[in-house]
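# Summary of structural features
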Amino acid sequence: MIIVMKSGAPEMEIDRICTEVTTWGLSPEKIVGRYKVVIGLVGDTAERDPLQLQEISPWIEQVLRVEHPFKRASRDFRHGEPSEIPVATPEGTVYFGQHCPIVTIAGPCSVENEQMIVETARRVKAAGAKFLRGGAYKPRTSPYAFQGHGESALDLLAAAREASGLGIITEVMDAEDIDKITKVADVLQVGARNMQNFALLKKVGAQNKPVLLKRGMSATIDEWLMAAEYVMAAGNPNVILCERGIRTFDRGYTRNTLDLSVVPVLRNLTHLPIVIDPSHGTGWSQYVPAMAKAAVAVGTDGLMIEVHPTPQKALSDGAQSLTPEAFDELMGELGTIGRVVGRWPQEAAVLA
Ligand code: PEP
Ligand code: MN
């Protein structure tokens, strides 16, 4: 349920309502939107009559039910207003959101050595990326495949952050690594394979860094939003959703099926920002530009693109990685479409 306050409702009255609903066993969450204050109520509201609730204050405009199983993640919970998620980076705060410039995240699948990660960081920054991605801990299908350099790769990400000024996004696979990773990363990535690792979701929800939550490869949209709800229910409202392709019957020509229809569908369901990953979504570098451009046209809030200085030598996901030169060219093309949809230039993504 949500309580929509009238414009100009006094702060003291909002606090009084929050205290009152707490005595009924509900958890109120005050959401200060651009135009209105909304109080989201989480808990057992089934027996509560919205009209009765409305009578507790003359400053209440409306009381509405949130019909979805996900509450905090639901668009209704913010009375239709999209979230803008601020992420602190060395060069200022970058915002992810429906009314913000598109944010590009780029970098290799795995952090391999200092030279390659620093070089990639500099190149993608020059092309307009705001974040460097790179895995220190890699979820690989085979236990014999390269597993990532682990802790030592975190130091290399720190060096690349320092050298480039980019924010860092890297994956957390094990809750035990969260403290180490948060010292370096500006955003924690939860990978597709861990989307329903509820213990991990609770742990990333109990720390302060924003979370990029990838869609599980066989997850429905409801399951994905319920996973976001886990993070939010544990106390972290800063969740960014990332579509990275799902399993469908045709797996010969592409690695996954990139579900771009999630962008308009999620707009109705959630206030959370959306990032599209055409690299894992297609599995082949030759298909990445077309899908990245389509993602911008369809209204994505961000892109995650794998870039490697020498893709043919990459220790993971080389086939889907763009060279820095191909990334430069793509960013130019994305700018053309991004300007048409009013979500470019990238410079505007940083508000110091
Ligand atoms: C990755 O981003 O490198 C990755 C492993 O992605 P996903 O979890 O989407 O497979
Ligand atoms: Mn990868």
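Up top is the structure these notes are about.
Residues numbered from 1 in each chain as written. Chains lettered and ligands numbered in written order. Predicted model: local features only at pLDDT ≥ 70, side-chain atom pairs only at ≥ 80, totals over all residues. Heavy atoms only, no water.

### Remarks on the packing of aromatic side chains
This is how the line gets drawn: A pair of aromatic rings is counted whenever rings of Phe, Tyr or Trp (Trp by its six-membered ring) have centres within 6.5 Å, and the orientation is called stacked for planes under 30 degrees apart, edge-to-face for over 60 and tilted otherwise. What counts as a helix is a DSSP run of H or I of at least four residues, what counts as a strand is a run of E of at least two, and both are numbered from the N terminus. Think of it in three bands: with a 1.4 Å probe and only protein chains considered, a residue is buried below 20% of the maximum accessible area for its type, exposed above 50%, and partly exposed in between.
Per the stated rule, a full pass over the model turns up 2 aromatic pairs. Pairing phenylalanine 96 with phenylalanine 131 gives two aromatic rings, centres 5.6 Å apart and planes at 35 degrees, and the pair type is tilted. Placement of phenylalanine 96 in strand E6 (residues 92-97) and of phenylalanine 131 in strand E8 (residues 131-133) is noted, with a sequence separation of 35 residues between them. In this pair, the class of phenylalanine 96 matches that of phenylalanine 131, namely buried.

### Description of the packing of helix H3 (residues 114-127) against helix H4 (residues 151-164)
Which entries qualify depends on this criterion: A fitted line through C-alpha atoms represents every axis, and for helices the fit uses only the stretch in contact; the resulting angles, taken between N-to-C directions, go from 0 to 180 degrees. Crossing handedness: left-handed means the near helix sits turned counterclockwise from the far one by under a right angle, and right-handed means the same turn made clockwise. Should any heavy atoms of two residues lie within 4.5 Å, those residues are considered in contact.
Look at H3 against H4: their axes get within 9 Å of each other, and the N-to-C directions meet at 35 degrees. Crossing angle aside, the handedness with which H3 passes H4 is right-handed. Two secondary-structure elements touch here, H3 through Glu114, Ile117, Val118, Ala121, Arg122 and Lys125 and H4 through Leu156, Leu157, Ala159, Ala160, Ala163 and Ser164.

### Regarding the site of ligand 1
Going by this rule: Nearness here has a simple test: a residue counts as near a molecule or strand if at least one of its heavy atoms is within 4 Å of that partner. Any pair of nitrogen or oxygen atoms within 3.5 Å is treated as a polar contact; in protein, a donor-acceptor pairing is required on top of that, and neighbouring residues in sequence qualify only through side-chain atoms on both sides. Here the term charged refers only to Asp, Glu, Lys and Arg, the term nonpolar to Ala, Val, Leu, Ile, Met, Phe, Trp, Tyr, Cys and Pro, and the term polar to all other amino acids, Gly among them.
In the vicinity of ligand 1 lie 13 residues, with Arg133, Lys138, Ala192, Arg193 and Arg244 positioned nearest. A distance of 2.7 Å separates an oxygen atom of ligand 1 from a polar side-chain atom of arginine 133. At a separation of 3.2 Å, an oxygen atom of ligand 1 approaches a polar side-chain atom of histidine 280. When its residues are assigned to classes, the shell around ligand 1 shows 3 nonpolar, 3 polar and 7 charged.

### Points about the nonpolar core
What counts is decided by this rule: Throughout this description, the term nonpolar core refers to a set of buried Ala, Val, Leu, Ile, Met, Phe, Trp, Tyr and Cys residues connected via side-chain atoms within 4.5 Å.
Leu213 and Phe327 are the most contacted members of the largest nonpolar core, which totals 67 residues. Per-element accounting of this core gives the leading share, 7 residues, to helix H7 (residues 221-233). Those residues in contact with phenylalanine 327 that lie beyond four places of it in its chain are Thr104, Ala106, Val124, Ala127, Ala129, Ile305, Val307 and Leu322. The next biggest cluster of nonpolar side chains, apart from the first, holds 16 residues, and it includes Ile3, Ile14, Val21 and Leu53.

### Comments concerning the side chain of glutamate 306
Examined against the element boundaries, glutamate 306 turns out to sit in strand E14 (residues 302-306). Of the polar contacts made by the side chain of glutamate 306, one reaches the side chain of arginine 133; its length is 3.3 Å. Side-chain polar atoms of glutamate 306 contact the side chain of glutamine 320, separated by 2.7 Å. Look past the residues within four positions of glutamate 306 in its chain and what remains in contact with it is Gly107, Cys109, Arg133, Ser279, His280, Asp317, Gln320, Ser321 and Leu322.

### A look at unusual backbone geometry
The backbone of histidine 79 sits at a positive phi, close to 55 degrees, despite the residue not being glycine. Position of histidine 79 relative to the elements: it lies in the loop between strand E4 (60-64) and strand E5 (84-89). You will see that aspartate 317, though not glycine, has its phi angle at about 55 degrees, which is positive. Its location among the elements puts aspartate 317 in the loop between E14 and helix H11 (324-340).

### Digging into the pairing of strand E2 (residues 27-32)
Where we set the bar: Here, strands pair whenever DSSP counts at least two bridges between them.
Sheet analysis places E2 next to strand E3 (residues 37-42), joined by 6 bridges and oriented antiparallel. Residue pairing across strands places valine 32 opposite valine 37, the latter belonging to E3. Where E2 folds back on E3, the antiparallel hairpin that results is connected by 4 residues.

### Some remarks on the pairing of E3
E3 sits mainly inside the fold: 6 of its 6 residues count as buried. By the alternation rule, side chains of E3 split into Val37, Ile39 and Leu41 and Val38, Gly40 and Val42, which are all buried. Two strands pair when backbone bridges link them, and strand E1 (residues 2-5) and E3 are joined in this way by 3 bridges, in the antiparallel orientation. Across the sheet, valine 4 pairs through a bridge with valine 38, a residue of E3.

### Brief notes about H7
We apply this condition: How far a helix is expected to stretch is found by multiplying one less than its residue total by 1.5 Å.
In this model H7 runs 18 Å from its N-terminal to its C-terminal C-alpha over 13 residues, within 8% of the 18 Å that 1.5 Å per residue would give. Considered for burial, the residues of H7 that qualify are Ile221, Trp224, Leu225, Ala227, Ala228, Glu229, Val231 and Met232. For H7, the elements touching its buried residues are helix H6 (198-205), strand E11 (211-214), strand E12 (239-243) and helix H8 (262-269). Looking one or two residues past H7, glycine 235 carries a phi angle of roughly 120 degrees, positive in sign.

### Focus on the sheet that holds strand E9 (residues 167-171)
With parallel pairing, 8 strands are arranged side by side around a closed barrel as E7-E8-E9-E10-E11-E12-E13-E14. Neighbouring strand axes in the sheet, compared pairwise and without regard to direction, differ in orientation by 25 degrees on average. Relative to strand E13 (residues 274-276), E12 runs parallel, the two being bridged by 3 bridges. Bridge pairing links leucine 241 to isoleucine 274 in E13. Where H7 meets the sheet, its contacts fall on E11 and E12, and the angle it forms with E12 comes to roughly 155 degrees.

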